[in-house]
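# Analysis of the macromolecular model
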Amino acid sequence: MAIEIVKKLYAKMPDAVARARKKFGRGLTLTEKILVSHVDNWETQVWERGKAMLALRPDRVAMQDATAQMAMLQFMQAGKKRVAVPSTIHCDHLIRAESGSQKDLLRAIDENREVYNFLASAAKKYGIGFWKPGAGIIHQVVLENYAFPGGLIIGTDSHTPNGGGLGMLAIGVGGADAGEVMAGLAWEVLHPKLIGVRLTGTLQGWTSPKDVILYVCGLLTVKGGTNKILEYFGPGAETISCTGKGTITNMGAELGATTSVFPFDDKMAAYLRITDREEVAKLAEANRELLVADPEVAKAPEKYFDQIVEIDLSKLEPHVVGPHTPDLARPISKMAAEAREKGYPVQLKAALIGSCTNSSYEDISRAAHIARQGLKAGLKAKTAFLVTPGSERIYHTMKRDGFLQTFEEMGGTVLANACGPCIGQWKRADAVKGRVDSIISSYNRNFPGRNDGLNETMSFLTSPEIVTAVAFAGDLTFDPMHATLKTADGKELKFEPPRGEELPAKGFARGEEGYVPPAENGDAIQVEIPPGSERLQLLQPFPRWDGKDFIKLPLLIKTKGKTTTDHISPAGPWLKYRGHLDKISDNMFLGATNAFHPEIGKGTDVLTGESGLTIAQIARRYKAKGLGSVVVGDENYGEGSSREHAAMSPRYLGVKVIITKSFARIHETNLKKQGILALTFADPKDYDRIEQQDRLSVMDLQTLKPGKPVTVIIHKADGKDVTIQTNHSYTEQQIAWFKAGSALNALN
């Protein structure tokens, strides 16, 4: 990493922090210190949590290969010669888990050659670092190479907050945000409220850092962190390893949180040193008081945080969450009773460890300790056991220290250093559509269809060590803390609590890092997009708003219940079209529940009455007739991944307005960036008034202003009209995006 970025930030932080203390008339939280040190313009910036928009200057941009395609296509529209801030692309999402690491990687390189060549050539031309396929998962690579205390990074992936484990604000965004920052613009975000999480005690026995965030997910729910930052503090925080902190901040994305962060401490300094960043560690230690909250925050946290959560780590139990949502949490001791009560299939079809959330040396060493106990007793895994290393560095260290051999001996398969099953890139051999199965993993997200593409699969999340123990049982209800397993000789095995090392005693082993630097001068380099490609398509600007109200638009779909970005724009096999807007738009709403149709992802063309069509087919019909359409959604619409295709596909296929009970943060911003009008019901009960045959008019758009409600008229099939009020969160600048047709149009 460029040490100059760190030096420059630490040089300006003292003045920014002193200025903020004076302006606010009090001490500062760590979050506030980082925010005020990255503000674009002190003179014009308004500070008001939950209301003001912050204009910030990130230190770095990171992109993964699935979202980087659209981010780069959008950046190219800006006409810039080189990115304005340090940026990287990481090829981790397009590698399908099927046969094992080597075969899967070779197949991915062959299948995705067009995309990789495009990204590599664009990176080389525009001054972007490129991490080749197999180099590692974006968040692990960022933690190992680029994250630093006090920094601000944005990444085109919802689990970017992993960097909070190294004391920085790391925030997931859509590709348009990344493109604009790379083009030199400031980045806008709603001034988040603050949740303080005070940790006391020390993790005991089977309890791991993963259990902290699983507990918090159960407590706050999947929308409890929306437009909020979680700041961890207290004596317990210092007892958790740097990578353990990363696990907690990574999965904070499941709360809908803007991000999560831990204060700088000796654990972070040790991690920086072992990952070859001695100079960064020294700089952070010399500036320690800037990288933690002011002392008065810990003394009276209620004066500084909008909400406080207290957790005694010594009393925390191992947890399991799921199925179908990461906030359905319970201690593992209660899993068996609940499985019987609710009829969950207890025979496990797969147990998976690793991912960007849990593939640290500490995670793997603790899981290997459990694996060795089982092997010593003569046991093998009773279900498919898959291991996903987070990076080349982790993989080679696992191999050197014997962990890979241990996992393979118990029957495990080591996958490529990539996302794989965590994001649906998994060809699960025994999957049967329509059959309800259970799987368990140490991943971060478990929405229906998320892992194996089957909505029926029940996915449960827990720590890697619990997953490993349960793999020996092959049974969802096995509690390794209290229960025993029968061995081949008739004895009973009671697992000892897992033991592992936070960091490898011999340091990290090194393989081929997989990093390709950009060209010094990219003027002569051509970006590679083959003519007639089915994977890549140059973007055409979306049309500008015509200045008229939206009159009598048909309802495209009224989604019911959880509508995540996975439901709006599924991944899995569709990932290959992430650079081709027209083709990927055929997946639009394939996973969504339509309130007016019995089949998932299907609906009715209200103009012809034909039913059983995909939502994309219906939208294309309306678009061909010159008609826009409206989408109506439920609570926390757009929860989950940062994928902006969930906003771009509706925009491309003619959706003008989306009205919901509430939005998830990143998705709402993505809709605004793409020129879709994002509204919320002033009275959530109005959601129930909307019927399939209704037409909707959105009025008085000429006078659209921040804070001013928008009138919507529901035209009923019987000729009656119902007028309702909706709200929005648009700023003046965002209204300019809407009028221009998109944020990128407004740039030009």
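In case you missed it, the structure is sitting above this.
Rules behind the numbers
- Residues numbered from 1 in each chain as written.
- Predicted model: local features only at pLDDT ≥ 70, side-chain atom pairs only at ≥ 80, totals over all residues.
- Heavy atoms only, no water.
- Pairing = 2+ DSSP bridges.
- Helix = DSSP H or I, 4+ residues; strand = E, 2+ residues; numbered from the N terminus.
- Contact = heavy atoms within 4.5 Å.
- Axes fitted to C-alpha atoms, helices over the stretch in contact; angles between N-to-C directions.
- Buried < 20%, exposed > 50% of the residue type's maximum accessible area, 1.4 Å probe, protein only.
- Phe/Tyr/Trp six-rings, centres within 6.5 Å; stacked < 30°, edge-to-face > 60°.
- Lys NZ or Arg CZ within 6 Å of the ring centre and 35° of its normal.
- 1 Å grid on protein atoms, 1.4 Å probe; cavity = no way out; pocket = protein on both sides within 12 Å on 5 of 7 lines; lining within 4 Å.
- Points joined across faces, edges and corners; volume = space filled by probe spheres on them.
- Nonpolar A, V, L, I, M, F, W, Y, C, P; charged D, E, K, R; others polar.
- Parallel < 35°, antiparallel > 145°, perpendicular 65-115°, else oblique.
- Left-handed = near helix turned anticlockwise from the far one by under 90°.

The subject of this paragraph is the sheet that holds strand E3 (residues 87–90). Note: strands within a sheet are paired through backbone hydrogen bonds, in either parallel or antiparallel orientation. Sheet architecture is open: six strands sit in the order E6-E5-E2-E3-E4-E21, paired in mixed fashion. Here the strands that pair on one side only, and so sit at the sheet edges, are strand E6 (169–172) and strand E21 (515–516). Of the strand pairs in this sheet, strand E4 (residues 129–131) and E21 are connected by two bridges, and their pairing is antiparallel. Each bridged residue has a counterpart across the sheet, and for Trp131 the counterpart in E21 is Tyr515. Packed on one face of the sheet, helix H7 (residues 175–182) meets strand E2 (60–64), E3 and strand E5 (152–155) and runs near 140° to E2.

Okay, the pairing of strand E29 (residues 710–715) next. Of all six residues making up E29, six are buried, and the element is well covered by its neighbours. Residues Val710, Val712 and Ile714 line one face of E29 and the alternating positions Thr711, Ile713 and His715 line the opposite face, and both faces are buried. Two elements, strand E28 (residues 695–698) and E29, share four bridges in a ladder whose sense is antiparallel. Bridge pairing links Val698 to Val712 in E29. Summarising the sheet, E29 and strand E30 (residues 721–727) pair through six bridges and their orientation is antiparallel. Looking at the pairing, Ile713 lines up with Thr723 of E30.

Going through the model one piece at a time under the given rule, you end up with 18 aromatic pairs. Taken together, a centroid distance of 5.9 Å and an interplanar angle of 75° make the contact between Phe24 and Trp47 edge-to-face. Linking Phe24 in helix H1 (residues 3–24) with Trp47 in the loop between helix H2 (30–36) and strand E1 (53–56), this pair joins segments that are 23 residues apart in sequence. For Phe24, a relative accessible area of 23% corresponds to the partly exposed category. These aromatic residues form a ring-pair network of at least three members: Phe24, Trp42 and Trp47. Of note, Lys125 hangs over the ring of Tyr126, and the distance from its end group to the ring centre comes to 5.9 Å. The lysine or arginine in question, Lys558, covers the ring of Tyr687, its NZ or CZ lying 4.3 Å from the ring centre.

Now for the layout of surface pockets. Its volume calculated, the largest pocket comes out at about 740 Å³. In this structure, the largest pocket is lined by 31 residues; those nearest its centre are Gly453, Ala571, Gly572, Pro573 and Trp574. Each residue belonging to the lining of the largest pocket can be placed in one class, and the counts come to eleven nonpolar, nine polar and eleven charged. A volume near 430 Å³ is recorded for the second largest pocket. What lines the second largest pocket is a set of 26 residues, and nearest its centre among them are Leu190, Asn227, Arg665, Glu668 and Ser729. Listed by contribution, the elements that provide at least two residues to the lining of the second largest pocket are strand E7 (187–190) and helix H22 (665–673). A per-class count over the lining of the second largest pocket returns five nonpolar, eleven polar and ten charged.

Looking now at the sheet that holds strand E10 (residues 259–261). The sheet built from four strands is open, its strands ordered E10-E9-E8-E11 with parallel pairing. Here the strands that pair on one side only, and so sit at the sheet edges, are E10 and strand E11 (307–312). With strand direction ignored, the average angle separating the axes of adjacent strands in the sheet is 20°. Pairing of strand E8 (residues 193–200) with E11 involves six bridges; the strand directions are parallel. Note on E11: the bridge partner recorded for Arg198 is Glu310. Sheet contacts for helix H8 (residues 209–220): E8, strand E9 (228–233) and E11; angle to E11, the most-contacted strand, approximately 135°.

This paragraph deals with the packing of helix H14 (residues 361–376) against helix H17 (residues 464–473). Interhelical geometry of H14 versus H17 gives an angle of 20° and a closest axis separation of 8 Å. With respect to each other, H14 and H17 are oriented roughly parallel. The handedness of the crossing between H14 and H17 is right-handed. Where H14 abuts H17, its residues Asp363, Arg366, Ala367, Ile370, Ala371, Gly374 and Leu375 lie against Pro464, Glu465, Thr468, Ala469 and Phe472. Per-class residue counts for the contact of H14 with H17 are seven nonpolar, two polar and three charged.

Let us now look at the packing of H1 against helix H11 (residues 278–286). Orientation of H1 relative to H11, taken along the N-to-C sense of each, is 5°, at an axis distance of 10 Å. The pairing of H1 with H11 is recorded here as roughly parallel in orientation. Across the interface between the two elements, Ile3, Val6, Lys7 and Tyr10 of H1 pack against Glu279, Val280, Leu283 and Ala284 of H11. In the contact of H1 with H11, the residues fall into six nonpolar, no polar and two charged.

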